[in-house]
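Structural description and commentary
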Amino acid sequence: MSSTGLELIGFTLGMLGFLGTLVATILPNWRTTAYTGSNIITSVGYLKGLWMECAYHSTGTIQCETYNSLLALPSDLQAARAMMVISVVLSSLGCVISCVGMKCTTCMLESSAKSKVAGAGGCCFLAAGFMCLIPVSWTTNEVISVFYDPNLSHSYKYEIGESLYVGMVSALLSFLGGGILCASCCGQEGGLHRYPISNPQHSQQMTFRNPAAHNSNNHPQSKDPRPPGPSSSSRTQRTNFNGYNLNGYV
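Cut-offs applied
- Residues numbered from 1 in each chain as written.
- Predicted model: local features only at pLDDT ≥ 70, side-chain atom pairs only at ≥ 80, totals over all residues.
- Heavy atoms only, no water.
- Disulfide = S-S within 2.5 Å.
- Helix = DSSP H or I, 4+ residues; strand = E, 2+ residues; numbered from the N terminus.
- Buried < 20%, exposed > 50% of the residue type's maximum accessible area, 1.4 Å probe, protein only.
- Core = buried A, V, L, I, M, F, W, Y, C linked by side-chain atoms within 4.5 Å.
- Contact = heavy atoms within 4.5 Å.
- 1 Å grid on protein atoms, 1.4 Å probe; cavity = no way out; pocket = protein on both sides within 12 Å on 5 of 7 lines; lining within 4 Å.
- Points joined across faces, edges and corners; volume = space filled by probe spheres on them.
- Nonpolar A, V, L, I, M, F, W, Y, C, P; charged D, E, K, R; others polar.

With that out of the way, let us pick up the state of the cysteines. For the structure shown, the criterion picks out one disulfide. Paired through a disulfide, C54 and C64 show a sulfur-sulfur distance of 2.0 Å. For the disulfide bridge between C54 and C64, the dihedral angle about the S-S bond is near 110 degrees, and by the sign convention the bridge is right-handed. Of this pair, C54 sits in strand β3 (residues 52-57) while C64 is found in strand β4 (residues 62-66), placing the two residues ten residues apart along the sequence. Residue C64 is classed as partly exposed on the basis of its relative accessible area of 46%. Just so you know, C95 is unpaired, no disulfide at all, and the nearest cysteine sulfur is the one on C99, 6.7 Å from it. Classification of C95 by relative accessible area gives buried; the value is 8%.

Moving on, we come to the nonpolar core. One finds A24, W30, L50, L73, L77, A80, M84, C132, V136, L164 and A171 forming the largest nonpolar core, which totals eleven residues. Every element with two or more residues in this core is listed here: α2 (75-101), α3 (114-147) and α4 (162-190). The element contributing the most residues to this core is α2, with three residues. Sequence-distant contacts of L73, that is, excluding residues within four places in its chain, are made with Y67, Q78 and R81. Core analysis: the next-biggest nonpolar cluster, separate from the first, contains seven residues, V88, M102, F125 and L181 among them.

Now for the layout of surface pockets. By volume, the largest pocket is sized at about 320 Å³. Lining the largest pocket are 18 residues, with R31, K48, P74, D76 and E142 sitting closest to its centre. For the lining of the largest pocket, the secondary-structure elements that each account for two or more residues are α2 and α3. A per-element tally of the lining of the largest pocket places α3 first, with five residues. Looking at side-chain class alone, the lining of the largest pocket contains eleven nonpolar, two polar and five charged residues.

Below, the structure written as C-alpha cells:
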C-alpha cells in the first residue's frame, strides 16, 4: 500500500510539472520591461517569449507578433525552444508510461516488469525536468546580467518574467515526481525475497520411545506363566501408530 501511495504522489507531481512546463513554453512572459530610470513613466510595456513578442499599452490593449524567421533568431533562443519542446514531450511520455506501470492501473497485471515500467516513467520525468531547467536558468542569468550592466541603456533592460518562475517550479516538480517514482520502483525490487519451500516428501519420520519402557526392556521382570492372548497383539498394534512408539504413554 505504501508503494502505491508513493507512485500516486510521484505521478501527481510529474503531471503538475508537465502542465507547468507546457504553460511556461507557450506564454510570452519570459522577459518583461524594467521600469527603471527613464522607463518609470511610460505608456507601453513589452513582453518577450519563445514564440512571440507582445506590447501592452496603459489602456489595457495587448498586441502580439510572432517571430517571422526561425534562422534570424539568436542561437540561445533557438536552443531554449528546442529544449522546452523536448521537455514537454518527455513529460507527456512519462505520464503515459507511469500510468501503465503503476500498481493502481490494470495494465500489465501479470507481468513482473510492471514496477520497472513505472521507474522508466520516473526517468522520463527526471529528464524532462533537466531539459526544462537548462533554458530557464540560462535566460534568468542573462536577464540578471543585462539588468545590472551599467553600460546599457534602461530601455534595453528587462526583468524576470512570470514564465521563468513557472518553469523553475515545474522543473522542481518534475524532479520530485521522477525521483519518487524511481524510489518506489527500487523499493519494490529490493523487498522481494524468495524463500525455499520445504518438500514434504523428504521429511523423515521420528520415533519417540518412553525411557521407562526402554529400561523395562533392558531389565526383564519375572515371566508371566499365562500364555499371551490375542489382546496383547492388538495392543502392540495400537501402540505403534505411524512410526511412533507409544509404549508407556498409553
